[in-house]
Amino acid sequence: MKIICIGRNYTKHIEELQNERPSEPVIFLKPDTAVLPKNMPFFIPDFSDDIHHEVEILVRINRVGKHIEPQFAHKYYDEIGLGIDFTARDVQAKLKEKGLPWEKAKGFDGSAVIGNFISKSEFESLQSIHFELTNNGTSVQTGCTSNMLWQIDELISYVSQYFTLKIGDIIFTGTPEGVAKVNINDVLEGFIEGKQMFRIQIK
Ligand code: ZN
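No experiment lies behind these values; they were computed from the predicted model shown.

### Details of helix 4 (residues 152-159)
Next, step 1: Burial of helix 4 is extensive: six of the eight residues sit out of reach of the surface.
Next, step 2: Every buried residue belonging to helix 4 is among I152, L155, I156, S157, Y158 and V159, and all of these are buried.
Next, step 3: Contact partners of the buried residues in helix 4: strand 1 (3-7), strand 2 (26-30), strand 4 (55-61), strand 5 (77-85) and strand 10 (170-172).

### Some points on the packing of aromatic side chains
Next, step 1: Within this structure, the stated rule accounts for seven aromatic pairs.
Next, step 2: Between the aromatic rings of Y10 and F131, the centroid separation amounts to 6.4 Å while the plane-to-plane angle is 65°, which identifies the pairing as edge-to-face. Taken together, the positions of Y10 in the loop between strand 1 and helix 1 (11-16) and F131 in strand 8 (residues 130-135) put the pair 121 residues apart, joining distant regions of the chain. Each member of the pair, Y10 together with F131, is buried.
Next, step 3: Ring centres 3.9 Å apart and planes at 25° place the aromatic pair F42 and F86 in the stacked group. In this pair, F42 sits in the loop between strand 2 and strand 3 (51-53) while F86 sits in the loop between strand 5 and strand 6 (87-88), placing the two residues 44 residues apart along the sequence.
Next, step 4: Among the aromatic residues, ring-to-ring pairing joins F42, F47, F86 and F108 into one connected group.
Next, step 5: The ring of F117 has R60 lying over it, and the distance from NZ or CZ to the ring centre is 4.0 Å.

### Re the coordination of the zinc ion
Next, step 1: Listed as protein donors to the zinc ion are E54 (OE), E56 (OE) and D85 (OD); their distances from the metal cover 2.0 to 2.1 Å.
Next, step 2: Considered as a linear motif, the donors of the zinc ion on their single chain read E-x1-E-x28-D. Highlighted residues: E56 in strand 4 and D85 in strand 5, separated in sequence by 29 residues. Of the two residues, E56 and D85, both sit in the buried class.

### Quick word on the nonpolar core
Next, step 1: I80, F86, I156, I192 and F198 are the most contacted members of the largest nonpolar core, which totals 45 residues.
Next, step 2: Apart from the residues lying within four places of it in its own chain, the contact partners of I192 are I57, I80, G81, L82, I118, F123, I129, H130, F131 and M197.
Next, step 3: The next biggest cluster of nonpolar side chains, apart from the first, holds twelve residues, and it includes V26, A34, L58 and I114.

### Things to note about the sheet that holds strand 7 (residues 112-119)
Next, step 1: Read across the sheet, six strands follow the order 2-1-10-4-5-7 without closing on themselves; strand pairing throughout is mixed. The outermost strands of the open sheet, each flanked by one partner alone, are strand 2 and strand 7. Between one strand axis and the next, the sheet turns by 30° as a mean value, whatever way the strands run.
Next, step 2: As defined by bridge partners, strand 4 adjoins strand 10 across three bridges and the pair is classed as antiparallel.

About the cut-offs
Residues numbered from 1 in each chain as written. Predicted model: local features only at pLDDT ≥ 70, side-chain atom pairs only at ≥ 80, totals over all residues. Heavy atoms only, no water. Buried < 20%, exposed > 50% of the residue type's maximum accessible area, 1.4 Å probe, protein only. Helix = DSSP H or I, 4+ residues; strand = E, 2+ residues; numbered from the N terminus. Contact = heavy atoms within 4.5 Å. Phe/Tyr/Trp six-rings, centres within 6.5 Å; stacked < 30°, edge-to-face > 60°. Lys NZ or Arg CZ within 6 Å of the ring centre and 35° of its normal. Donors = N, O, S within 2.8 Å, 3.2 Å for Na, K, Ca; no water. Core = buried A, V, L, I, M, F, W, Y, C linked by side-chain atoms within 4.5 Å. Pairing = 2+ DSSP bridges. Axes fitted to C-alpha atoms, helices over the stretch in contact; angles between N-to-C directions.

Written as structure tokens, this is what we have:
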């Protein structure tokens, strides 16, 4: 299974990191070893002093496909989830400066939180899913898929031009604004439309 992540998919997050607005989706991968095992705490790694949370809507692929047209993309997933793309922002800043790949900052062990999934039939529209991340009970990130630069079906189509999608692959669809550092003893909880999808302790 592979994890395909989209960067810079929400305007306000692009602005907060002072990034350029992309003309095509930004894509990077996380290895399967990045998945944080269920019910395990997240341990801040020694190589970073600035781990950020990025809460993101997830899509789980349920059919093999490549070169998928946007109008058929909906046939390749039937569940929507929520997760965190943990990012070593200090490491990423150094890599970005040199134009180097982001893997060390984005693909390290435990960097992919994959919470629960909800059948997409439970949503009135996938283009207006509200989600939220709280830290110790305080709301830190809220988002709505209506603010995505590229919607889920467009992302699937785009990604599948480069990577064959396989059953079980997960797409992280990008984070809205509000990314911030996590600290030891933080408890992060993620919600879709008010329903809890994960709870992670930071150690
Ligand atoms: Zn992200």
